[in-house]
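Understanding the architecture of this molecule
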Amino acid sequence: MRIGSMTYRVLANENAEYMRAIAKMADELICTLKSQNTGMGDQAASVLALVNLLDQIEKMKESGSQVAGAQDRLQKELEESQANLLRMREQCWEIKKDLLYYRNLCEIYEERISQMAPAGSSRKSAKAKGGDEAKPLDRMQRSFEEIENPHENSPLS
């Protein structure tokens, strides 16, 4: 293989085509350096090419370190996000359990309120007519408008 103005015999564990491609890149690098710096000898061009390549390798290592650092940071953020998601799911489950508890409690109180109503209440007459009956707590609910204007259309008055 010819690199610069010298011919080399290269022995390597890599395949021949790969080694020819590497030798060609080295030759092009040295020829470029010699054309940019007229009068530079092969040895000086080879040393300058080596220094330039080592500089590129170090910059790539540094860039790789930065990428690895960013990857580590993103991995930690992902783990934190997954932990937050799990906490939120647990909170949601607890809220659902509370909601079921209070819904059942409301049903119990509505049943007790209906048991406390007099025998001839409107609840029984609505049942007899086949109409929709309002539960006791539903009848007690008020809109914001009714709360702000308690004397207008108040079912309690």
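The helix and strand tally for the protein chain stands at five helices and two strands. From first element to last, N terminus to C terminus, the protein chain shows the α and β order β-β-α-α-α-α-α. When contacts within the protein chain are restricted to residue pairs at least 6 apart in sequence, those whose partners lie at least 24 apart make up 29%.

Considering all chains together, one arrives at one aromatic pair under this definition. Ring centres of Tyr101 and Tyr102 lie 5.0 Å apart, and the angle between their planes is 75°; on these two criteria the pair is classed as edge-to-face. The exposure class of Tyr102 is partly exposed, given its relative accessible area of 49%.

A word on a nonpolar patch on the surface. On the surface, Met6, Tyr8 and Val10 cluster together to form a nonpolar patch covering roughly 260 Å² of accessible area. Judged by relative accessible area, Met6 falls into the partly exposed class, the value being 43%.

Here we come to the packing of helix H1 (residues 16-36) against helix H2 (residues 42-116). In contact at an axis separation of 9 Å, H1 and H2 are set at 115° when each is read in the N-to-C sense. As the angle between them shows, H1 and H2 are arranged roughly perpendicular. Crossing geometry of H1 relative to H2 is assigned as right-handed. Here Leu29, Ile30, Leu33 and Lys34 of H1 come into contact with H2, specifically with Asp42, Ala45, Ser46, Leu48, Ala49, Asn52 and Leu53.

With that settled, consider H2. When the terminal C-alpha atoms of H2 are compared, their 109 Å separation across 75 residues agrees well with the 111 Å that a helix rising 1.5 Å per residue should span. Within the sequence span of H2, burial applies to Ala45, Ala49, Glu110 and Ser114.

Applying the stated criterion to the full structure yields five salt bridges. For the salt bridge of Asp55 with Lys59, the shortest nitrogen-to-oxygen distance reads 3.3 Å. Note that Asp55 and Lys59 are positioned in helix H2 at a spacing of four residues, about one turn of the helix. According to the relative accessible area criterion, Asp55 is partly exposed, its value standing at 37%.

Averaged over the protein chain, the pLDDT score is 82; the fraction of residues at 70 or greater is 75%. Ranking the elements of the protein chain by mean pLDDT puts helix H3 (residues 122-129) last, at 49, and H2 first, at 93. Here residues 123-128 is modelled with pLDDT under 50, and outside its nearest four sequence neighbours on either side it reaches eight contacts, counting other chains as well.

Turn by turn, an α-helix covers 3.6 residues, leaving residues three or four places apart pointing in a common direction. Along its 21 residues, H1 runs 30 Å from first to last C-alpha, staying within 8% of the 30 Å computed at 1.5 Å per residue. For H1, the complete set of buried residues consists of Met19, Ala23, Ile30 and Leu33. Buried residues in H1, looked at end-on, bunch into an arc of 90°, giving them a common side. The outward face of H1, more than 90 degrees from its buried face, is lined by the exposed residues Glu17, Lys24, Ser35 and Gln36. Capping of H1 at its N-terminal end is provided by Asn15; its side-chain oxygen lies 3.3 Å from the backbone amide nitrogen of Glu17.

Judged by nonpolar contacts, Ile3, Ala23, Ile30, Leu33, Ala45 and Ala49 together constitute the single largest core of six residues. Contributing elements (two or more residues each) for this core: H1 and H2. For this core, the element with the most residues is H1, which contributes three residues. When sequence neighbours within four positions are dropped, the list of residues in contact with Ala23 reads Met1, Arg2 and Ile3.

Basis of the calculations
- Residues numbered from 1 in each chain as written.
- Predicted model: local features only at pLDDT ≥ 70, side-chain atom pairs only at ≥ 80, totals over all residues.
- Heavy atoms only, no water.
- Helix = DSSP H or I, 4+ residues; strand = E, 2+ residues; numbered from the N terminus.
- Contact = heavy atoms within 4.5 Å.
- Phe/Tyr/Trp six-rings, centres within 6.5 Å; stacked < 30°, edge-to-face > 60°.
- Buried < 20%, exposed > 50% of the residue type's maximum accessible area, 1.4 Å probe, protein only.
- Patch = residues over 30% accessible without salt bridge, like charges linked within 9 Å, V, L, I, M, F, W, Y side chains within 5 Å.
- Areas by Shrake-Rupley, 256 points an atom, 1.4 Å probe, with all protein chains shown as cover.
- Salt bridge = Lys/Arg side-chain N within 4 Å of Asp/Glu carboxyl O.
- Axes fitted to C-alpha atoms, helices over the stretch in contact; angles between N-to-C directions.
- Parallel < 35°, antiparallel > 145°, perpendicular 65-115°, else oblique.
- Left-handed = near helix turned anticlockwise from the far one by under 90°.
- Expected span 1.5 Å × (residues − 1).
- pLDDT = per-residue confidence, 0-100.
- Arc of directions from axis to C-beta.
- Polar contact = N/O pair within 3.5 Å; in protein donor to acceptor, adjacent residues only side chain to side chain.
- Core = buried A, V, L, I, M, F, W, Y, C linked by side-chain atoms within 4.5 Å.

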